[in-house]
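# Report on the structure
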Amino acid sequence: MATVLTTVGKQYIVDKMDTTVVTKLEYVAWGTGAGTAAVGDTTLFTEATEARVVGTITQPAADTMRVIGTLTADGAKTITNAGTFTASAAGTLGVHGDFTGIVLALNDQIQFTIDIQIT
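So, a few notes on the structure that sits alongside this text. (Residues numbered from 1 in each chain as written. Predicted model: local features only at pLDDT ≥ 70, side-chain atom pairs only at ≥ 80, totals over all residues. Heavy atoms only, no water.)

## Quick notes on the nonpolar core
- Residues Val28, Trp30, Ile79, Leu104, Ile110 and Phe112 are the most contacted members of the largest nonpolar core, which totals 16 residues.
- Among the elements of the structure, β2 (27-32), β6 (64-72), β7 (77-85), β8 (93-104) and β9 (109-117) are those that each provide at least two residues to this core.
- Here this core takes 4 residues from β9, the largest share from any one element.
- Core analysis: the second largest hydrophobic core is formed by 5 residues, Ala29, Leu44, Phe85 and Leu93 among them. (Core = buried A, V, L, I, M, F, W, Y, C linked by side-chain atoms within 4.5 Å. Buried < 20%, exposed > 50% of the residue type's maximum accessible area, 1.4 Å probe, protein only. Helix = DSSP H or I, 4+ residues; strand = E, 2+ residues; numbered from the N terminus.)

## Concerning the pattern of salt bridges
- Counting across every chain of the model gives 4 salt bridges.
- With a shortest N-O distance of 2.9 Å, Glu47 and Arg52 are connected by a salt bridge.
- Note that Lys77 and Asp74 form a salt bridge whose closest N and O atoms lie 2.8 Å from each other.
- Residue class for Lys77 comes out buried when judged on its relative accessible area of 14%.
- Taken together, the shared-partner salt bridges connect Glu50, Asp74 and Lys77 into one network. (Salt bridge = Lys/Arg side-chain N within 4 Å of Asp/Glu carboxyl O.)

## Observations regarding the environment of Thr100
- Following the sequence through the fold, Thr100 ends up in strand β8.
- The sequence separation of Thr100 and Ala34 amounts to 66 residues, and the corresponding C-alpha distance is 9.5 Å.
- Once you skip the residues sitting within four places of it in the chain, Thr100 turns out to touch Met1 and Ile79. (Contact = heavy atoms within 4.5 Å.)

## Digging into the sheet that holds strand β5 (residues 56-61)
- Here we have 3 strands laid out as an open sheet, ordered β5-β6-β9, and antiparallel in their pairing. Unpaired on one side and paired on the other, β5 and β9 mark the two borders of the sheet. Pairwise comparison of adjacent strand axes, ignoring direction, gives a mean angle of 25° for this sheet.
- Direction of pairing for β5 relative to β6: antiparallel, over a ladder of 4 bridges. When the bridges of β6 are listed, Ala61 appears paired with Thr64. (Pairing = 2+ DSSP bridges. Axes fitted to C-alpha atoms, helices over the stretch in contact; angles between N-to-C directions.)

## A closer look at the environment of Thr78
- With respect to the helices and strands, the residue Thr78 is situated in strand β7.
- Relative accessible area serves as the criterion here: at 34%, Thr78 is assigned to the partly exposed category.

## A word on the pairing of β2
- The buried fraction of β2 amounts to 5 of the 6 residues, a majority that puts the element mostly inside the structure.
- Across 5 bridges, β2 lies against β7 in antiparallel orientation. Residue Val28 lies in a different strand from β7, and its bridge partner there is Thr84.
- Direction of pairing for β2 relative to strand β3 (residues 46-47): antiparallel, over a ladder of 2 bridges.

## What about the side chain of His96?
- Counting through the fold element by element, His96 comes out in strand β8.
- Given a relative accessible area of 0%, His96 falls into the buried group.
- At a separation of 2.7 Å, a polar atom in the side chain of His96 contacts the side chain of Asp41.
- Of the polar contacts made by the side chain of His96, one reaches the side chain of Asn81; its length is 3.0 Å.
- What His96 contacts, discounting residues up to four positions off in sequence, is Ala2, Thr3, Val4, Thr6, Ala37, Asp41, Thr43, Leu44, Phe45, Asn81, Ala82 and Gly83. (Polar contact = N/O pair within 3.5 Å; in protein donor to acceptor, adjacent residues only side chain to side chain.)

Scope: geometric values only; no functional claims are made or implied.
Given below as structure tokens:
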């Protein structure tokens, strides 16, 4: 299992610091399929059919941004990865994490807490 700050996510952070972009990594999405998150990723393995949700952004420490988002299953599926994006469709994948599959039924929910820590 892996959670990575993607290459395009790093580029996004640099662009934010020099105000090239004005979007936030606030959209949370989940996906199915197998794989290991890698820094070169630009998409989830197979993004699920549910719409991305706007997460709640906080700063629990001076070097950490936290995004919390809850997704609700529109049917039976196994969720294996999640990430943050800059848009409700397409956009930049900033953080991508994979995990052991979680089997869901209709209306089951997962709340993701995604921390981006610059150390």
